[in-house]
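Each chain, written out:
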Amino acid sequence: MSTPTKKQLASRHIRRLRTMRAQLLEMSQQWEELDQFCVNELEDLANSVETVSKGLHDDEGGAP
């Protein structure tokens with residue numbers, strides 16, 4: 001089995017990070033009426049995940 005290229009690896013990780021971001025935002029919505037601190041923390045984490053995803057996208061040199 002061959003090692004994935006940098007572009008292939010970045011594409012896989014971008015997809016996984018975007019899935020994680022969607023899950024974090026879903027969790028945040030579940031806390032909406034219960035605890036604003038948890039909402040803010042989960043949204044901050046989702047934003048951080050998106051930032052990392054964009055960084056991988058930039059390193060990849062194109063759209064996945």
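You'll find the structure just up there.
Residues numbered from 1 in each chain as written. Predicted model: local features only at pLDDT ≥ 70, side-chain atom pairs only at ≥ 80, totals over all residues. Heavy atoms only, no water.

Engineer: Help me understand the nonpolar core, please; the structure alone is not making it clear to me.
Structural biologist: Within the largest apolar cluster, 5 residues are counted, these being L17, L24, L42, A46 and V49. Going through the elements one at a time, α1 (6-31) and α2 (36-60) are the ones with two or more residues in this core. In contact with A46, not counting residues within four places along its chain, are R21, L24 and L25. (Core = buried A, V, L, I, M, F, W, Y, C linked by side-chain atoms within 4.5 Å. Buried < 20%, exposed > 50% of the residue type's maximum accessible area, 1.4 Å probe, protein only. Helix = DSSP H or I, 4+ residues; strand = E, 2+ residues; numbered from the N terminus. Contact = heavy atoms within 4.5 Å.)

Engineer: Got a minute to help me understand α1 in this structure?
Structural biologist: Note: α-helices contain 3.6 residues per turn, so residues at a spacing of three or four share the same orientation. When the terminal C-alpha atoms of α1 are compared, their 37 Å separation across 26 residues agrees well with the 38 Å that a helix rising 1.5 Å per residue should span. The set of residues buried in α1 consists of A10, S11, I14, L17, L24 and S28. (Expected span 1.5 Å × (residues − 1).)

Engineer: Could you clarify how one ought to interpret the environment of L24 in this entry?
Structural biologist: Relative to the elements of secondary structure, L24 occurs in helix α1. Sequence-wise, L24 and V49 are 25 residues apart; in three dimensions their C-alpha atoms are separated by 9.4 Å. Not counting the four nearest positions on each side in its chain, L24 is found in contact with L42, L45, A46 and V49.

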